[in-house]
Amino acid sequence: SQKIEQNSEALNIQEGKTATLTCNYTNYSPAYLQWYRQDPGRGPVFLLLIRENEKEKRKERLKVTFDTTLKQSLFHITASQPADSATYLCALNTGGFKTIFGAGTRLFVKA
Amino acid sequence: ETGVTQTPRHLVMGMTNKKSLKCEQHLGHNAMYWYKQSAKKPLELMFVYSLEERVENNSVPSRFSPECPNSSHLFLHLHTLQPEDSALYLCASSQDLPGSYSNQPQHFGDGTRLSIL
């Protein structure tokens, strides 16, 4: 079955540094992959989508890469700020009506 | 404000109670979803509706019963739940159903935190 793995350990970084989160998947070749942000007590919020024929996508301080050979996506936040502290989820479509999500990685940015 | 509103935000109920969760989207979307989110686990897709028709039922126990009276509203009726059903229940919508080659980000509500006593 399709599986998404995100680092279950929290990532702690200093303000101003670049945060890099990893999403690995198995048993599927998705046409696109999405990243969401979730704050405590809130629903996920869509951030970025990257297609299989795109190696990299940027939006302000966010950058996503997609390596279909490694079956991996990396999510970068440059010049991180304490307000970036949240849980980040990756998600992919499995070809039908279903989008499957990873469990997320919690990011803490210290001032 | 995400355009998707869920009520109530918190619900405590006994195992023999019957209650309903409500979701309303103001985005003009055609697809709506129910997810269950338990601590440190991935979101679990429960039900998918497209234009008020159920298109996915992900082996969910019959004690959960969805209802979609129109494309803006989605309900989840609950009865005789178990303690393991305690979780955050999220509603989401998207313009259309996702597919292999279509860009369909989902817009989520803030969920109903359900606790079963």
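Preceding this paragraph is the structure being described.
Analysis parameters
Residues numbered from 1 in each chain as written. Chains lettered and ligands numbered in written order. Predicted model: local features only at pLDDT ≥ 70, side-chain atom pairs only at ≥ 80, totals over all residues. Heavy atoms only, no water. Pairing = 2+ DSSP bridges. Helix = DSSP H or I, 4+ residues; strand = E, 2+ residues; numbered from the N terminus. Axes fitted to C-alpha atoms, helices over the stretch in contact; angles between N-to-C directions. Phe/Tyr/Trp six-rings, centres within 6.5 Å; stacked < 30°, edge-to-face > 60°. Buried < 20%, exposed > 50% of the residue type's maximum accessible area, 1.4 Å probe, protein only. Disulfide = S-S within 2.5 Å.

A few words now on the sheet that holds strand β8 (residues 72-77) of chain A. Residue and element names in this part refer to chain A. The five strands lie next to each other as β1-β3-β8-β7-β6, forming an open sheet whose pairing is antiparallel. The open sheet has two edge strands, β1 (3-6) and β6 (56-59), and neither has a second partner. In this sheet, adjacent strand axes meet at a mean angle of 15° when their direction is disregarded.

All right, on to the packing of aromatic side chains then. In this structure the tally under the stated criterion is eleven aromatic pairs over all chains. On the numbers, 5.3 Å between centres and 35° between planes, the contact of Phe75 of chain A with Tyr88 of chain A is tilted. Taken together, the positions of Phe75 of chain A in strand β8 and Tyr88 of chain A in strand β9 (residues 86-93) put the pair 13 residues apart, joining distant regions of the chain. Judged by relative accessible area, Tyr88 of chain A falls into the buried class, the value being 2%. Consider the rings of Phe64 of chain B and Tyr89 of chain B, whose centres lie 5.8 Å apart with planes at 35°: the pair is tilted. In this pair, Phe64 of chain B sits in strand β7 (residues 64-70) while Tyr89 of chain B sits in strand β9 (residues 87-94), placing the two residues 25 residues apart along the sequence.

Attention now moves to the state of the cysteines. Counted according to the given criterion, the structure contains two disulfides over all chains. What pairs with Cys23 of chain A in a disulfide is Cys90 of chain A, and their sulfur atoms sit 1.9 Å apart. Between Cys23 of chain A and Cys90 of chain A the sulfur-sulfur dihedral comes to about 65°; the bridge is accordingly right-handed. Highlighted residues: Cys23 of chain A in strand β3 (residues 19-26) and Cys90 of chain A in strand β9, separated in sequence by 67 residues. Residue class for Cys23 of chain A comes out buried when judged on its relative accessible area of 0%. Owing to a relative accessible area of 0%, Cys90 of chain A belongs among the buried residues under this scheme. Put simply, Cys23 of chain B and Cys91 of chain B are joined by a disulfide, and their sulfur atoms are 1.9 Å apart. Looking down the S-S bond of the Cys23 of chain B and Cys91 of chain B bridge, the torsion is -70°, so its handedness is left-handed.

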